[in-house]
Amino acid sequence: MNVRAAIAHGPGQPLSIETVALEGPGPGEVLIEVKATSLCHSDLHVLDGLVPWEFPALLGHEAAGVVVECGPGVTRLAPGDHVVPFLIPHCGECLYCASPRTNLCAEAFARLRPRPGRFSLDGRAVTQLWGLGTFAEYTVLPADSLARVRPDAPFDPICYVGCGATTGLGAVLFAAKVEPGASVAVFGLGGVGLNVIQGARLAGAGTIIGIDTNPAREALARRLGATEFIDPSTVERLAAH
Ligand SMILES: [Zn+2]
Ligand SMILES: [Zn+2]
């Protein structure tokens, strides 16, 4: 099928809307209609040339969509399911997937390298960033990188769950292991920082201080759980501790 996609042709070049050919899903893959997708700074790292990659490429990894067709062997998902992709797959077959450390799945590292995907542009292969690629009307993704979500969840906010939200929540719950009643300071209230605030609230933190030089972040930070907000550019003199 032909679909419209925002294609990256090389570092430093703007994304360009093109009509690309998309093959149907192969074994273990799923065709998805992309309903919402967001721009992560990791996409920008590739677009800025800071992370090496092969072009032309389909970037994008934060998304939400609906399953249209399942390839051979896919039994866990069915057409009509609402899904979000996530960056670290769970292949279910490697040593790590058989252990509690599924975050080290061997496939996750394999997909960090460019390899042929399902898209092509004028007969030329288009790589899919880290085995995903969501800046398109439809995409084909590995089933082991998809999570089924509630069908009543709105696509726009949940497209963010697979990367930015989990990065922030994971930092609080699994890396810092914030305990109930703890005081938490969050430096930088972008997509990840705001989710650190949400994570701190979920962990039962007492004082949650959001720190950002953008005053427009205060209202959102407080809505997500910040109890204090500091704009360092307005602090005249910092007290020594
Ligand atoms: Zn991301
Ligand atoms: Zn695995």
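The notes below deal with the structure included here. Remember, predicted model here, so these are calculated numbers, not experimental data.

Once that is clear, we can look at the pattern of salt bridges. The tally for this structure, following the rule as stated, stands at ten salt bridges. For E23, the salt bridge goes to R118, with nearest N and O atoms at 3.1 Å. Of this pair, E23 sits in the loop between β2 (16-22) and β3 (29-38) while R118 sits in the loop between α2 (106-110) and β7 (119-121); the two residues are 95 residues apart in sequence, bridging distant segments of the chain. Look at E23 and you get partly exposed, because its relative accessible area is 47%. In this structure, the salt-bridge partner of E107 is R115, at a minimum N-O distance of 3.1 Å. Overall, the relative accessible area of 23% leaves E107 in the partly exposed class. Relative accessible area serves as the criterion here: at 38%, R115 is assigned to the partly exposed category. The network of salt bridges with common partners includes E107, R111, R115 and D144.

Turning our eyes to something else, we now look at the side chain of E29. You can see E29 is positioned in strand β3. Aside from chain neighbours lying at most four places away, what touches E29 is C70, G71, V74, R118, V140, L141, P142 and A143.

Soluble globular proteins tend to pack their nonpolar side chains together in the buried interior. V20, V46, W53, L58, L59 and F119 are the most contacted members of the largest nonpolar core, which has 23 residues in total. Elements that contribute at least two residues to this core include exactly β1 (2-8), β2, α1 (41-47), β4 (57-58) and β7. Looking at which element gives the most residues to this core, the answer is β1, with five residues. In this structure, V184, V186, A203 and A226 belong to the second largest nonpolar core, which totals 16 residues.

Each value, and the rule that gives it
- Residues numbered from 1 in each chain as written.
- Chains lettered and ligands numbered in written order.
- Predicted model: local features only at pLDDT ≥ 70, side-chain atom pairs only at ≥ 80, totals over all residues.
- Heavy atoms only, no water.
- Salt bridge = Lys/Arg side-chain N within 4 Å of Asp/Glu carboxyl O.
- Helix = DSSP H or I, 4+ residues; strand = E, 2+ residues; numbered from the N terminus.
- Buried < 20%, exposed > 50% of the residue type's maximum accessible area, 1.4 Å probe, protein only.
- Contact = heavy atoms within 4.5 Å.
- Core = buried A, V, L, I, M, F, W, Y, C linked by side-chain atoms within 4.5 Å.

Keep in mind these values describe shape, not function.
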